[in-house]
Amino acid sequence: MIWTTWRQFRGQALVGVIGLALIAAYFLYLGFDIRDSYDNYRAQCASLADCGPQLSQFSADYENTLLYLAALLGLIPGLLGMFWGAPLVARELEAGTQRLVWSQSVTRRHWLAVKLALVGLASIVVAGAASLLLTWAASPVDQVADNRFSTILFGARNIAPIAYAAFAFVLGTIIGLMVRRTVPAMALTILAFVVFQFLVPNVIRPHFLPAEHLTKPMTVQAINQARSLGSITGAPVVKGLTVPDAWVTDVSELLTKTGEPLDEGIFNECFTNAPETGTAEGPYGDTAVCLAKHDVHVEIAYQPTSRYWSFQWLESAFYLVLAGLLAGFGFWRLQRRPS
């Protein structure tokens, strides 16, 4: 059974090896280039008291490149589930070739277990190797930028992509088992994986561990540090606030000193028709001065960056549990409705 599965999979495996070799070559080149650049920037500021501007420029030099690579790497588990997982069973059920194997001494569950184990391991190896190579290549920039909790970067570093690949592969296999048509199974697999990759970082990940909380007075300076003010509904919200050494997971609306949300009329008046002071500075100018006069504050929920590895392990465990549950369902389904 192992030999048969390998013969069916060897073409896909060859494509995977070639793709991984190309990825490895580029990431090795990029990693050494980043390290050379880092050493050059460090040498430039060796005699300076503050190396911050030089290191900020070093981080900015590679920011977009690493962001694009992280986004592309985030697609690899989904593509493995789509091209390796979805056709694995669906193709055989579609052609009816599984009956030849089942007529021998191989049980249905053994047939599925071998396929899941062999091809699933290959998926994990490809995704894991690509992730570890990118993690190594980007490590000097990650240390300087210190934004490892970024949604895209978190899912493309260290061990999380390994769990994503296991989940995506099993997901594709079980969808193929249910749909029994290769092309629809492939489409449903990539769609389902993208939905999971949107929901988990934004809805589930922030709650893996209880968040820390703080109250931040919204002074003129604090308001000017925000990325944006307001929303399409006119709510008194502030976006893009940061906390040192932390991942901000939630920011309340602007609150008055009594803890009530700032009246939308007051907020909109400050936002669109703030009294001119002639001395206001910063991106929000007189709007920031107007809002600060109302003695407003926000409640911030955050996760300390010291919890990074806890979140990596928890999210990996979450996806692996989902993969195990899907595999268990597949074995049950195959036994109950084999034809």
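Quantities reported herein were computed from a predicted structural model and do not represent experimental measurements. Within each chain, residue numbers correspond to sequence positions counted from 1 in written order. Local features in this predicted model are restricted to residues whose pLDDT is 70 or higher, and side-chain atom pairs enter the listing and the counts only when it is 80 or higher, whereas totals over whole chains, interfaces and linings include all residues. Side-chain calculation: all heavy atoms of the structure are included, whereas hydrogens and water are not.

Colleague: Please explain the nonpolar core as it appears in this structure.
Modeller: One recurring pattern in soluble globular proteins is that nonpolar side chains are buried together. Joining through side-chain atoms within 4.5 Å is the link that ties buried Ala, Val, Leu, Ile, Met, Phe, Trp, Tyr and Cys residues into a set, and such a set is a nonpolar core. Using a 1.4 Å probe on the protein chains alone, a residue whose accessible area is under 20% of its type maximum counts as buried, one over 50% counts as exposed, and one in between counts as partly exposed. Counting residues in each nonpolar core, the largest one holds 61 residues, and the members touching the most others are Ile34, Tyr62, Leu66, Leu80, Trp84, Leu134 and Phe169. Helix numbers and strand numbers start at the N terminus; a helix is a DSSP run of H or I with at least 4 residues, a strand a run of E with at least 2. Taken together, the elements giving at least two residues each to this core come down to helix 1 (2-44), helix 2 (52-95), helix 4 (108-145), helix 5 (151-154), helix 6 (160-179), helix 7 (182-204) and helix 11 (308-336). For this core, the leading source of residues is helix 2, giving 15 residues. Of all hydrophobic cores here, the second largest spans 22 residues; its members include Leu241, Leu254, Ala274 and Tyr302.

Colleague: Hey, could you run me through the side chain of Thr287 in this one?
Modeller: Relative to the elements of secondary structure, Thr287 occurs in helix 10 (residues 285-292). Aside from chain neighbours lying at most four places away, what touches Thr287 is Leu229, Cys270, Phe271 and Ala274. Only heavy atoms matter for contacts: two residues are in contact if any of them lie within 4.5 Å across the pair.

Colleague: Before we go on, may I ask you to explain the packing of aromatic side chains in this structure?
Modeller: The description of an aromatic ring pair rests on the distance of the ring centres and on the angle between the ring planes. Working definition: rings of Phe, Tyr and Trp (its six-membered ring) pair if their centres are within 6.5 Å, and the pair is stacked with planes under 30 degrees apart, edge-to-face with planes over 60 apart, and tilted otherwise. This model, assessed by the stated rule, comprises 21 aromatic pairs. Note on Phe154 and Tyr308: the rings are 5.6 Å apart at their centroids and 80 degrees apart in plane angle, and the pair reads as edge-to-face. One end of the pair, Phe154, is in helix 5; the other, Tyr308, is in helix 11, and 154 residues separate them in sequence. The exposure class assigned to Phe154 is buried, which follows from its relative accessible area of 0%. When the centroid spacing of 5.8 Å and the interplanar angle of 80 degrees are considered together, the rings of Tyr308 and Trp309 count as edge-to-face. Members of the aromatic cluster, joined through ring pairs, are Phe149, Phe154, Tyr164, Phe167, Phe196, Phe208, Trp247, Tyr308, Trp309, Phe311, Phe318 and Tyr319. If you follow Arg35 out to its NZ or CZ, it ends over the ring of Trp136, 4.2 Å from the centre. Either the NZ atom of lysine or the CZ atom of arginine qualifies as a charge over a ring when it sits within 6 Å of the ring centre and within 35 degrees of the ring normal. Between Arg148 and the ring centre of Tyr308, over which it is positioned, the NZ or CZ distance is 3.9 Å.

Colleague: For this particular structure, what's the right way to read the pattern of salt bridges?
Modeller: Where charged atoms from two side chains of opposite charge approach closely, those side chains can pair. Whenever Lys or Arg places a side-chain nitrogen within 4 Å of a carboxyl oxygen from Asp or Glu, that contact is recorded as a salt bridge. One pass over the structure, following the stated rule, counts three salt bridges. Ionic pairing is found between Asp142 and Arg157, a salt bridge with its closest N-O pair at 2.8 Å. Of this pair, Asp142 sits in helix 4 while Arg157 is found in the loop between helix 5 and helix 6, placing the two residues 15 residues apart along the sequence. Of the residues examined, Asp142 reaches a relative accessible area of 10% and is grouped as buried. You can call Arg157 buried: its relative accessible area is 3%. As a salt-bridge pair, Arg307 and Glu212 come within 2.9 Å of each other at their nearest N and O atoms. Residue Arg307 is located in the loop between strand 5 (297-304) and helix 11, and its partner Glu212 is located in strand 1 (residues 212-217); the two are separated by 95 residues in the primary sequence. For Arg307, a relative accessible area of 18% translates into the label buried.

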